[in-house]
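# Descriptive analysis of the structure
Spelled out, the chains give:
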Amino acid sequence: MTFTTRALLLTTALGVLSPHLGANAQTTDRDEDVVIVTAQRQEQSLQEVPLAVTALTGRDIAAARIEDTLDLQFNAPNVILSANRNLTIRGVGSQSFGGSNDTNIGVLYNGVFLQSGSTFGEFFDLERIEVLRGPQGTLFGRNTTGGVLSVVPAKPKDEFGGYLSVQLESYEGIRSEGALNIPLGGGFSQRFAAHYLKRDGYTENLFNGNRIDGRDQYTLRSTTRYQNADGFTADLFVTYFHEDSDRGNNAKALCAPDPIFGCSPDALATDFPSVNFPIDQALINGIVRPDTFAENPSNLRQVNFDIDPETRAEDLLVSLELNKEFGALTLTSVTGYRDAEGDGNRDFDQGVRQNAFNPGDFLTPFGPLTVPDNGFGNGVLTYLLDEELVTTTDYRSSQLGRSTAEQFSQEVRLASDYDGALNFLLGAYYLDAENSGEVTTFTPANRTFGFIASGNTPEATTESYAVFGEVYIDLTDNLQILGGARYTEDEKSIQTASGTFALPAFFEDETTFEAWTGRASISWSPELPFSDESNLYATYQRGFKSGGFNPGNVDNPTFDSEFIDAFEIGAKSTFANGDVRLNLAAFHYDYENLIVGNIVGTLATNVNIPEVRVRGFEAEMVATPTDRLRLEASLGVLDTEVLSDFLSSDPTRGGAFFQLKGNELPNAPNHTIKLAAEYVQPLANGVTVRPRVDYYTQGSFYSREFNTGADELDGWDQLDLQVQFTRDDAPWQFTAFVKNVLDEDDITFAEANSELVGSFRGVFLLDPRVIGAQLRVSFD
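Everything numeric in this text was worked out from a predicted model, so none of it was measured.

## Looking at the overall build of the chain
For the chain, the helix and strand inventory stands at four helices and 51 strands. Scaling as 2.2 N^0.38, a compact globule of 780 residues should have a C-alpha radius of gyration of about 28 Å, and the chain matches this with 27 Å. With the C-alpha coordinates of the chain rotated into their principal frame, the extents come out at 85 × 60 × 55 Å. The buried share of the chain, taken over its 780 residues, is 56%. Put simply, 67% of the contacts in the chain that link residues at least 6 apart link residues at least 24 apart. For the chain, the exposed surface amounts to about 30,600 Å²; the carbon and sulfur share of it is 54%. One finds the centroid of the 55 positive side-chain charges in the chain at a distance of 4 Å from the centroid of its 111 negative side-chain charges.

Here is the structure:
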């Protein structure tokens, strides 16, 4: 879709949303109230914080229908979700592999830093979401080089009430959520919340007629609060997530056949290799016939899998936050515990290969093998599939994955709130995390239990210690400075093994990474004739991500930590008596030892790129020019470049080394744009209608640092429409909506699979057009 076409569609939609104003119309939600955030670990106005922060209140989340992380990226500049699991902010995201890998984007759930990301399902019953862009080198759990996503659920209140919502949507989908708030007396209050999602898959499997990529999951949440008159508050938070879905790691496999590599590194196509995969040629060459793949449908919403995907997960998170005021001092303790596990299965070769074997006598790396004839000229082979022996003429393969994650964390902070010019925040942090993972790949070469292509990490641990502090000084009434520092020590250990023929002896190692990081900032709030309030700031931040292990690599068993020195200037302003909020930021990053990794065979191989530059600009605006009209807009501009002369081995091109200097970082489109408008119009009998349009677009980008043709993905956009009906003093609201109105099948990421299967690209797609209706009823 051309930019002109996009602009025309948006203009038309905005025109629909701008009827003539009636004299007694209700009003839209204006931004007269202060948006409170905790981006500096204390409650502050969004406009006071000298950081680039996107703050979405519960009202914003509901209005824009932000149901999950995929939707979140439409509402924050320079924020991309790749592979439906890897957040990238300003071009900085996790590009490394292996059990010792850390995240670049910190995910905090109710104040607890999640060491291995979140699987807590959909967004529901939230107080707010904060997206902090840029490295966080002082305050937030472990250090992060890219930013922080902080999800804050709604807290218990002192009055009885709640709500229930039921939503029906395309693909037999049903979403239901609700919350119940109960005052218990004696300073205690309780809030229960729950969410349920079940729908058919967006993808059709032509092999068996099933729909895959569906969802069957639920989340339960309990929050108990105790508060007394002595300035003491305790919040006990428990959430449990459960999933048993027919979804896989990606939606579709793409391949442009290549006689050397299996799949071309320079192009994407809906095809399969005509020659055998390298794993077939190496292990059972001559047994597997070439060109046996069934057609890979050209429709991105259709696949040919002889094994349907499966995903199961359980995740429990418990946190206890204690706050006690001692005059102008507040002591805070946040204790977190998490226990998670998951497993899944997928079709490893992502295709159907029937009657794929030659009959006859063969010599294999495991000795002589006779493949009998089924009487029709097709070979019959017995091999392992999904941990069971099968006898078939078909080439079938699968990959089983299992993982666990357990962590305990403790953070203590002491913050001051004196009337004078000097305040401070001091803290200490401890994390003890243990992860495990196992991936087992079954192909026709697996004919005995003595051979299973596999990777097994029974234990990968991280023990992190940190102390940190910040000082806040008011030089004048409108000029403030702050300085902060953090010392972090990460102790890591791993036990792991992976192999193509059989598991070798376990690789075991332990090492320690340590670093000083922090930030400094100056903020000036001048009285300007053209604005109501302004905050002009300049900030320097240094963040780091600790290194880890390359198991099995005897030459380079570990990789180093990466660091970012980030410089940012910004302006946060309000205009027109608070009806317009405009926040601007320009930034420059000096990136040192960027960690990138690839899967080579069954091994995770990570390297450090010495020098990378990131720079860009962001703008966010919310305007309520009338009582009934609300406008939202954001712009992100990004430029990334590898500055070092650096040769890196590309597994999709046979492991050959290629120069990365001048290349762009993955998942870093040169622009992201969000535009939205909503309008309030009264109808007869006290009914009010609130139509809304949301439009998002982003530029093209690369999925890997090699910037090959198969890495380059087109830009894409999304248009959402909805209309909400309410009635004066009635407890209900009804909303009809359409997401992805134009039903675009845009590719949001292309993940290179192992060269053992030709390095085909597993692609991830936007959700298709979804039409639905929601009824929400509140009670008190």
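There is more to say after this.
## As for the packing of aromatic side chains
Applying the stated criterion across every chain yields a total of 19 aromatic pairs. Where Phe-188 meets Tyr-226, the ring centres are 4.7 Å apart and the plane angle is 45°; that geometry is what we call tilted. In this pair, Phe-188 sits in strand E13 (residues 188–199) while Tyr-226 sits in strand E16 (residues 215–227), placing the two residues 38 residues apart along the sequence. Classification of Phe-188 by relative accessible area gives partly exposed; the value is 40%. Judged by relative accessible area, Tyr-226 falls into the partly exposed class, the value being 24%.

## Side note on the sheet that holds strand E9 (residues 126–133)
Taken together, the five strands give an open sheet; going across it, the order is E3-E9-E10-E7-E8, and neighbouring strands pair in mixed fashion. In the strand order of this sheet, the two ends are held by strand E3 (52–57) and strand E8 (112–113), each with one partner.

## Regarding the environment of Leu-56
Relative to the assigned elements, Leu-56 resides in strand E3. On the basis of relative accessibility, which here comes to 9%, the residue Leu-56 falls in the buried class. Separated by 20 residues in the primary sequence, Leu-56 and Ala-76 place their C-alpha atoms 9.4 Å from one another. Sequence-distant contacts of Leu-56, that is, excluding residues within four places in its chain, are made with Ile-61, Ile-66, Leu-72, Asn-75, Glu-127, Arg-128 and Ile-129.

## Some remarks on the sheet that holds strand E5 (residues 86–89)
Spatially, three strands are ordered E4-E5-E6 in an open sheet, and the strand pairing comes out antiparallel. This sheet does not close on itself; its edge strands, each paired only once, are strand E4 (79–82) and strand E6 (92–93). The pairing of E5 with E6 spans two bridges and is classified as antiparallel. Directly across from Thr-88, in E6, lies its bridge partner Gly-93.

## With respect to the pairing of strand E12 (residues 173–185)
Note on strand geometry: in a regular strand, side chains alternate between the two faces of the sheet. By the bridge criterion, nine bridges tie strand E11 (residues 161–169) to E12 in an arrangement that is antiparallel. Paired with Gly-161 across the two strands is Asn-181, which belongs to E12. Between E11 and E12, which pair antiparallel in sequence order, lie three residues; one of them, Tyr-171, sits at a positive phi of approximately 65°. By the bridge criterion, 11 bridges tie E12 to E13 in an arrangement that is antiparallel. Pairing of Ile-182 across the sheet is with Gln-190, part of E13.

## Section: a negative patch on the surface
On the surface, a cluster of negative charge is contributed by Glu-314, Asp-339, Glu-341, Glu-406, Asp-432, Glu-434, Glu-459 and Glu-508. Those elements giving two or more residues to the negative patch turn out to be strand E23 (329–347) and strand E29 (422–442).

## Concerning the pattern of salt bridges
Under the definition given, this model contains 43 salt bridges. Between Lys-739 and Asp-71 there is a salt bridge; the shortest N-O distance is 2.7 Å. With Lys-739 in strand E48 (residues 732–739) and Asp-71 in helix H3 (residues 69–72), this pair connects stretches of sequence that are 668 residues apart. Judged by relative accessible area, which is 10%, Lys-739 ranks as buried.

## Here's the deal with the side chain of Asp-717
Its place among the elements puts Asp-717 in strand E47 (residues 716–727). Taking the relative accessible area as the measure of exposure, Asp-717 reaches 3% and is therefore buried.

## Regarding the nonpolar core
Phe-277, Ile-287, Phe-357, Val-371, Leu-381, Tyr-395 and Phe-760 are the most contacted members of the largest nonpolar core, which has 28 residues in total. Secondary-structure elements contributing two or more residues to this core are helix H4 (278–284), strand E25 (367–371) and strand E26 (381–385). With near-sequence residues (within four places) excluded, Phe-277 lies in contact with Phe-293, Asp-349, Arg-353, Tyr-395, Leu-756, Val-757 and Gly-758. If you look at the next biggest cluster of nonpolar residues, it comprises 25 residues, including Ile-61, Leu-72, Leu-149 and Val-151.

## What to know about a nonpolar patch on the surface
On the surface, a nonpolar cluster with roughly 570 Å² of combined accessible area is contributed by Leu-164, Val-166, Leu-168, Ile-174, Tyr-196, Tyr-218 and Leu-220. Contributions of two or more residues to the nonpolar patch are made by E11 and E16. If you tally residues by element for the nonpolar patch, the top one is E11, at three residues. Residue placement: Val-166 occurs in strand E11. Residue Val-166 is classed as partly exposed on the basis of its relative accessible area of 35%.

## What to know about the pairing of E23
The pairing of strand E22 (residues 310–326) with E23 spans 17 bridges and is antiparallel. From the neighbouring strand, Ala-313 faces E23, where its bridge partner is Gly-342. Linking two consecutive strands that pair antiparallel, namely E22 and E23, is a turn of two residues; a positive phi of about 65° is found at Gly-327 within it. Pairing between E23 and strand E28 (residues 398–416): 19 bridges, direction antiparallel.

## What about unusual backbone geometry?
Within the chain, Glu-387 stands out as a residue other than glycine whose phi angle is a positive 70°. Phi angles above zero are rare outside glycine, and Asp-743 is one such case at about 55°. Summarising the element assignment, Asp-743 is placed in the loop between E48 and strand E49 (747–752).

## What about the environment of Gln-541?
By the element assignment, Gln-541 lies in strand E33 (residues 533–545). Along the chain, Gln-541 and Ala-485 lie 56 residues apart, while their C-alpha atoms are 9.7 Å from each other. Leave out the neighbours within four places in its chain, and Gln-541 touches Leu-51, Pro-135, Gln-136, Gly-137, Gly-518, Arg-519, Ile-564, Asp-565 and Ala-566.

About the cut-offs
- Residues numbered from 1 in each chain as written.
- Predicted model: local features only at pLDDT ≥ 70, side-chain atom pairs only at ≥ 80, totals over all residues.
- Heavy atoms only, no water.
- Helix = DSSP H or I, 4+ residues; strand = E, 2+ residues; numbered from the N terminus.
- Rg over C-alpha atoms; globule rule 2.2 N^0.38 Å.
- Buried < 20%, exposed > 50% of the residue type's maximum accessible area, 1.4 Å probe, protein only.
- Contact = heavy atoms within 4.5 Å.
- Areas by Shrake-Rupley, 256 points an atom, 1.4 Å probe, with all protein chains shown as cover.
- Lys, Arg positive; Asp, Glu negative; His and termini not counted.
- Charge placed at Lys NZ, Arg CZ, Asp CG, Glu CD.
- Phe/Tyr/Trp six-rings, centres within 6.5 Å; stacked < 30°, edge-to-face > 60°.
- Pairing = 2+ DSSP bridges.
- Patch = residues over 30% accessible without salt bridge, like charges linked within 9 Å, V, L, I, M, F, W, Y side chains within 5 Å.
- Salt bridge = Lys/Arg side-chain N within 4 Å of Asp/Glu carboxyl O.
- Core = buried A, V, L, I, M, F, W, Y, C linked by side-chain atoms within 4.5 Å.

The analysis is restricted to geometry; functional conclusions fall outside its scope.
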